[in-house]
Each structure stands twice: as C-alpha cells, then as structure tokens.
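Coordinates in review
Listed here are the chains, written in short residue letters.
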Amino acid sequence: MTGDLHSRAVVADTHNDLLMAVVERPPHRWAEFFRERWLPQLLEGGVNIQVLPVFVDDQFRPEGALRRTLRMIECAHVLAEGNAEHVRLCLDGDDIDAALAQGRIALVLALESAPGVDADVELFRTLHRLGVRVASIAHWGRSPLGDGSGEDATGSRLTGAGVRALRELERLGVMFDISHLGAAGVAHVLELASRPLIASHSAARALCDHHRNLTDEQIRGVAATGGVVCVNFVPDFLAADRESRTIERIADHIEYIAELVGFAHVGIGPDFVREVLEDVTPPCCDGYGYDGVAMDLSLPGMDGPAQLPALTEVLAKRGLAEDSIRAVLGGNVQRVFRAELGRAR
C-alpha cells in the first residue's frame, strides 16, 4: 500500500550533489557513470524531479571557481544528453511537466553559493543561459554577496552585490535559495523578496539547534512568500544525540514545519553527502566535514535515493493524509517550480 502511494507521488529531491561525483570521471565517462551509478538509485527511489547543485570545493576557490562551475554545468548537459530516454534537463515548469509525462526524471540545475560569480552579478545572466534555475549566494563562510550561517556572529546582511543578485535572479526566474545563508542575510532577503523562496536543504532549528537549520521565524517567512522549506537529512542537522538520528527524526522535522506553516510549504532536500564522498574519495575520508559537522555519516536505512520509499512508509504509519504526504514528497516543489521556474519578468 505504501509502495503504491510512493509510486503515485511526484518525488522531488531538491539537493543531491551527485554532479560532484560524476564530474570527477573523464568527460567521455560522464553519461555512462551517471547511468551506472546514480540513475538506478533515482529510479528505485521513485525520484521524479532532481535538483542538481553545482558545488565548488575550496580547492578550486577563488581562481578556478568559475572554470569548475562551467565544467560541472557541462557535465550536467552531457549526462542528460547521454541518457535522454531517462532524464531531461529542464528550464521551466512546462519542461518538468513534459518530462514527467514522458516518464523521465526532470533535472534542474542549481548554484550552491555561486563562488564563480562573486560580485560580478551580470554573470548570473550567463549561467541562466546555460540552464541554471535555482541559486544560493553563500555556503559556510563569507562571500562577496552575503555571509553563510557559519559567520552568524558577524550579523551581516546582504552586501550591495548580494541585493543586486537577488533582484537579478528574481528578474530571470531563477529561484533564490536561502539554505546556508546567515541569519541576518535571511532576514534581509525576506524583507526584499518579491517572489517565492526555497530552502533547498534546511531542517528546523527548534528540533536541532544548529546554525544550518531555520528558526520558526525564518520558516514562516519562507512560507509567507509562497515558498517551500525542504528538510535536510544530514544526521547532525536532525538531532544532537546519535540515538535520535533515524528516519523517524526526518518525519519529526517535516511535521514540525507543517504545524508551523502547513503541509503546503514542506519538501525534502536529503543531501546524501556520504554517498557522494564515497564516489569522490573512495574510501570515504573519515572526519570530513564543516564546522564540526561530520559529513561522512548517514542515517540507518536512509543512505541514498533508493531508500526514499522508507520515508513515505514512516509518514503513512504516522497517519498523515495521503494528500499531505504527496505534497511533502514533491507536490509542493512541483507546484512552485511550475509557477516560478524560468518565468522571467
């Protein structure tokens, strides 16, 4: 019964760094490696919409950041073209609807912190031409556009370039992603935003007091724009104690956010970091992480896209209505993407 529910749902994963793994292979292997390593997991997990963040590791910053960004975008195009019977790189809601109607996975390109852009905001137009449709402007530390949540002590709002970036992204129809942005920066964005926002991979701070999670006020702010908060599955963001880091805890965050703002504003952004790291640095490098957060950990029974039906089972056992479960799994993201993605002003 639960399997039927999961298969009927549109499942949208708003944060999977698989491009980091694919791009490490030789270019002639990109499409094949995706087909062999990642596509089976997406299919088994019933993923219908997959957001592909372009994340640039510190080793490429600052000088090589734009080159790395372009290489990863090219990788996305190549893997999509080489697997056209299964996936489609989508530029707007109509593309997504068409891909799903054809039984293909809709891929959406995103920028995570945009280090290749920095203060040259006009480059967002270039990256938009190349297919980028979601963007954030900060990661853990400082950036020319705005500080990441790891720098919350600075109390920094968006820089002048950051304000211009928000305006330009809204004009282009690129969804602004607040995940990773510092608290003062999020408040600034909420003051200025004129289109729905997304938090692509952020959990509830009330349940786990980590700067990467969102406060009740921030969650309400995103919902007020008509946007969606997509829950992160990274164990350290779900619970402080290891015993509580289970699939049930993901459901706790989902229900908490839904109680605050309604099921229409909740999604999932799993961020299966360990699996990506295993592909990039086999065997996975012990102790890898940011600011004391262990990125080489995974939840029991939820260590990759193939396990996503297990979350549907947990939500169903809690007695959630089918419509609510389907909204959380991807219906909300599909709705917002259909209305906003690629809709230039």
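The following paragraphs examine the structure supplied in this document. Residue indices follow the written sequence of each chain, beginning from 1 at its first position. In keeping with the predicted nature of the model, local features appear solely for residues at pLDDT of at least 70, side-chain atom pairs appear and are counted solely at 80 or more, and the whole-chain, interface and lining totals rest on all residues. Derived side-chain values reflect all non-hydrogen atoms in the structure, with water molecules and hydrogen atoms excluded from consideration.

**Notes on the overall build of the protein chain**
Our working rule: For the purposes of this entry, the term helix denotes a DSSP run of H or I that reaches at least four residues, the term strand denotes a run of E that reaches at least two, and both are numbered from the N terminus. The atom set for the radius of gyration is the C-alpha atoms, and the globule formula is 2.2 Å times the number of residues raised to the power 0.38. Residue contacts are defined here by distance: any two heavy atoms, one from each residue, within 4.5 Å place the two residues in contact. Computed by Shrake-Rupley with a 1.4 Å probe, the accessible areas treat only the displayed protein chains as cover when residues are assessed. The convention is simple: Lys and Arg are positive, Asp and Glu are negative, and His and the chain ends are not counted. Note on charges: their place is set at NZ of Lys, CZ of Arg, CG of Asp or CD of Glu.
Of regular secondary structure, the protein chain possesses 14 helices and 11 strands. The C-alpha radius of gyration computed for the protein chain amounts to 18 Å, which stays within 12% of the reference 20 Å derived for 345 residues, consistent with globular compactness. A principal-axis box enclosing the C-alpha atoms of the protein chain has dimensions of 50 × 45 × 45 Å. Residue pairs at least 24 apart in sequence account for 73% of intrachain contacts in the protein chain once pairs closer than 6 positions are excluded. Just so you have it, the protein chain exposes about 12,900 Å², and 49% of that area is on carbon and sulfur atoms. Distance from the positive charge centre (34 side chains) to the negative charge centre (50 side chains) of the protein chain: 5 Å.

**Overview of the pairing of strand 8 (residues 228–231)**
To be explicit about the condition: Each residue is assigned to one of three classes by its accessible area relative to the maximum for its type, calculated with a 1.4 Å probe on protein chains only: buried under 20%, partly exposed between the two thresholds, exposed over 50%. A pair of strands counts as paired when DSSP detects no fewer than two bridges linking them. By convention, orient the strands away from the viewer: a clockwise path from the first strand over the helix to the second makes the crossover right-handed.
Covered by surrounding structure in strand 8 are Val228 and Cys230 together with Val229 and Val231, the residues of both alternating faces. The sheet contact formed by strand 7 (residues 198–199) and strand 8 spans two bridges and is parallel. Looking at strand 8, one finds that Ile198 is bridged to Val228. With helix 9 (residues 216–224) bridging strand 7 and the parallel strand 8, this β-α-β connection has right-handed handedness. As defined by bridge partners, strand 8 adjoins strand 9 (residues 266–268) across three bridges and the pair is classed as parallel. The partner of Val231 across the bridge, within strand 9, is Ile268.

**Some points on helix 13 (residues 308–317)**
To keep things clear, this is the line we draw: Working note: the arc is built from the helix axis to C-beta atom directions.
Taken as a whole, helix 13 has its buried residues at Leu308, Leu311, Thr312, Val314 and Leu315. The arc that holds the buried residues of helix 13, viewed along the axis, is 160 degrees, so those residues lie on one side. In this structure, the buried side of helix 13 is in contact with helix 1 (2–8), strand 1 (11–13), strand 2 (47–54), helix 11 (247–261), strand 9 and helix 14 (322–340).

**Some remarks on the packing of aromatic side chains**
In plain terms, the rule: Two rings belonging to Phe, Tyr or Trp (six-membered ring only in the last case) form a pair when the distance between their centres is within 6.5 Å. Interplanar angles under 30 degrees mark stacking, angles over 60 mark edge-to-face geometry, and anything in between is tilted. The criterion is that NZ of a Lys, or CZ of an Arg, lies within 6 Å of the ring centre and within 35 degrees of the ring normal, and then a charge sits over that ring.
Scanning all chains against the criterion turns up two aromatic pairs. Seen from their ring centres, Trp140 and Phe237 are 6.5 Å apart, and the 35 degrees between their planes marks the pair as tilted. Remark: Phe237 occurs in helix 10 (residues 235–238) and Trp140 occurs in the loop between strand 5 (132–135) and helix 7 (160–172); sequence separation between them is 97 residues. When the ring of Phe233 is compared with that of Phe272, the centres are 6.0 Å apart and the planes differ by 80 degrees; the resulting orientation is edge-to-face. On the criterion of sequence distance, the pair formed by Phe233 in the loop between strand 8 and helix 10 and Phe272 in the loop between strand 9 and helix 12 (273–280) is long-range, its members being 39 residues apart. Using a relative accessible area of 5% as the deciding quantity, one classes Phe272 as buried. Positioned above the aromatic ring of Phe33 is the side chain of Arg25, whose terminal nitrogen or guanidinium carbon lies 4.1 Å from the ring centre. Here the guanidinium or amino end of Arg37 rests over the ring plane of Trp38, the centre of that ring lying 5.4 Å away.

**Focus: the packing of helix 3 (residues 30–44) against helix 12**
The condition that has to hold: Axis lines are fitted through C-alpha atoms, for helices just across the contact stretch, and the angle between N-to-C directions can take any value from 0 to 180 degrees. Roughly parallel means an angle under 35 degrees; roughly antiparallel means over 145; roughly perpendicular covers 65 to 115; every other angle is labelled oblique. When the near helix sits turned anticlockwise from the far one by under a right angle, the crossing is termed left-handed; a clockwise turn instead gives a right-handed crossing. As a working rule, the residues Ala, Val, Leu, Ile, Met, Phe, Trp, Tyr, Cys and Pro are called nonpolar, Asp, Glu, Lys and Arg charged, and the rest polar, with Gly in that last group.
Across the interface, helix 3 lies against helix 12 with an axial gap of 13 Å and an inter-helix angle of 160 degrees. In terms of axis orientation, helix 3 runs roughly antiparallel to helix 12. Like other packed secondary-structure pairs, helix 3 and helix 12 cross with a definite hand, here right-handed. Contacts between helix 3 and helix 12 involve Phe33, Arg37, Trp38 and Gln41 on the former and, on the latter, Glu275, Val276 and Asp279. In terms of residue class, the contact of helix 3 with helix 12 is made up of three nonpolar, one polar and three charged.

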